[in-house]
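Listed below are the residues making up each chain.
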Amino acid sequence: MVEISRELKCQCGSVSMTTAGNSIICAECLCTDCQNGGEFLQKREGAPNILDKNGATKFVLYRKDKIAFHGSLENIKSYYLTKSSKTQRVIASCCNTPMFLEFKGGHWLNIYALLWPEKAKPTSEVRTMTHSRREGVVLTNDIPNLKTHNVSFYTKLFSAWISMRFRSPKLDFVTGEIDD
């Protein structure tokens, strides 16, 4: 769990977000969508690597009401894997920095952990969706390797939603999509 407030910026500094308070959880996701989305986004010009050596994307989950966005928000653009996707991956298009992933209707954001400075990078608490890992990937046992998600994961998300009085703030500033 990340326990301090922090300003996180895109690579060029034009877009930033400030987190307040504790994160919900820090997780590495190995689902097929995160692998495919990560591959697509990290191929964009100047984009940082998203996927680790296992093909996982590391996220720090925060309540939406604990995040404030600043700067050139017109540079915030979304990417959907398919037209029917329930998730949007959001980048700062000025420098192709992945910023967060949002689940449609969700009360939290999955912030890309790559935004944290190396010395302050949150420690992963769990790996999820390991049943989707690529063939030949052998995971270490340093943290739980969940085939999908567990009760503890969902309890943390639900507890955060209760704290928000079952609200799910909209992100009205995400107005455009990136070009393929």
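Not measured: the values here are computed from a predicted model.

**What about the overall build of the protein chain?**
The secondary structure content of the protein chain amounts to two helices and eleven strands. Ordering the α and β elements of the protein chain from the N terminus gives β-β-β-α-β-β-β-β-β-β-β-α-β. Computed over C-alpha atoms, the radius of gyration of the protein chain comes to 15 Å, within 12% of the 16 Å expected from 2.2 N^0.38 for 180 residues, which places it in the range of a compact globule. Seen along its three principal axes, the alpha-carbon backbone of the protein chain occupies a region of about 40 × 40 × 35 Å. Every one of the 180 residues in the protein chain was classed for burial, and the buried ones make up 48%. In the protein chain, the proportion of contacts linking residues at least 24 apart, taken out of those at least 6 apart, comes to 65%. In the form shown here, the protein chain has an accessible surface area of approximately 9400 Å², with 49% of it arising from carbon and sulfur atoms.

**With respect to unusual backbone geometry**
Even without being glycine, Arg165 reaches a positive phi, approximately 55°. The residue Arg165 is located in the loop between helix H2 (151-163) and strand E11 (176-177) in this model. According to the relative accessible area criterion, Arg165 is exposed, its value standing at 70%. A positive phi angle, close to 60°, is found at Phe166, a residue other than glycine. By the secondary structure assignment, Phe166 is in the loop between H2 and E11. In this structure Phe166 comes out as partly exposed when scored by relative accessible area, which is 46%.

**Side note on the confidence of the model for the protein chain**
Here the protein chain shows a mean pLDDT of 94. Residues at 70 or above account for 97%. The least confident element of the protein chain, judged by mean pLDDT, is E11 at 92; the most confident is strand E9 (residues 108-112) at 98.

**Topic: the state of the cysteines**
The full count for this structure, using the stated rule, is zero disulfides. Take Cys12: it sits in no disulfide, and the sulfur closest to it among the cysteines is that of Cys94, at 3.5 Å. Unpaired in this structure, Cys29 has its nearest cysteine sulfur neighbour in Cys31, at a distance of 3.5 Å.

**Re the packing of aromatic side chains**
Two descriptors summarise a pair of aromatic rings, namely the distance from one centre to the other and the angle between the planes of the rings. Applying the stated criterion across every chain yields a total of nine aromatic pairs. For the ring pair Phe40 and Tyr79, a centre distance of 4.2 Å and an interplane angle of 10° mean the geometry is stacked. You can see Phe40 sitting in helix H1 (residues 32-42) and its partner Tyr79 sitting in strand E6 (residues 76-79), a full 39 residues away along the chain. On the basis of relative accessible area, Tyr79 is assigned to the buried category, the value being 10%. Arranged with centres 5.0 Å apart and planes meeting at 80°, the rings of Trp161 and Phe166 form a pair that is edge-to-face. Pairwise contacts between aromatic rings join Phe69, Phe100 and Phe173 into one cluster.

**Notes on the pattern of salt bridges**
Following the criterion strictly, the structure yields eight salt bridges and no others. Among the salt bridges present, the one from Arg134 reaches Glu39, with a minimum N-O distance of 2.4 Å. With Arg134 in the loop between strand E10 (126-128) and H2 and Glu39 in helix H1, this residue pair connects regions lying 95 residues apart in the sequence. Assessed through its relative accessible area of 29%, Glu39 is described here as partly exposed. With a closest N to O distance of 2.6 Å, Arg63 and Asp65 form a salt bridge. Residue classification places Arg63 among the buried residues on the basis of a relative accessible area of 17%. Look at the salt bridges and you will find they share partners, linking Glu28, Arg127 and Asp142 into a network.

Criteria and thresholds
Residues numbered from 1 in each chain as written. Predicted model: local features only at pLDDT ≥ 70, side-chain atom pairs only at ≥ 80, totals over all residues. Heavy atoms only, no water. Helix = DSSP H or I, 4+ residues; strand = E, 2+ residues; numbered from the N terminus. Rg over C-alpha atoms; globule rule 2.2 N^0.38 Å. Buried < 20%, exposed > 50% of the residue type's maximum accessible area, 1.4 Å probe, protein only. Contact = heavy atoms within 4.5 Å. Areas by Shrake-Rupley, 256 points an atom, 1.4 Å probe, with all protein chains shown as cover. pLDDT = per-residue confidence, 0-100. Disulfide = S-S within 2.5 Å. Phe/Tyr/Trp six-rings, centres within 6.5 Å; stacked < 30°, edge-to-face > 60°. Salt bridge = Lys/Arg side-chain N within 4 Å of Asp/Glu carboxyl O.

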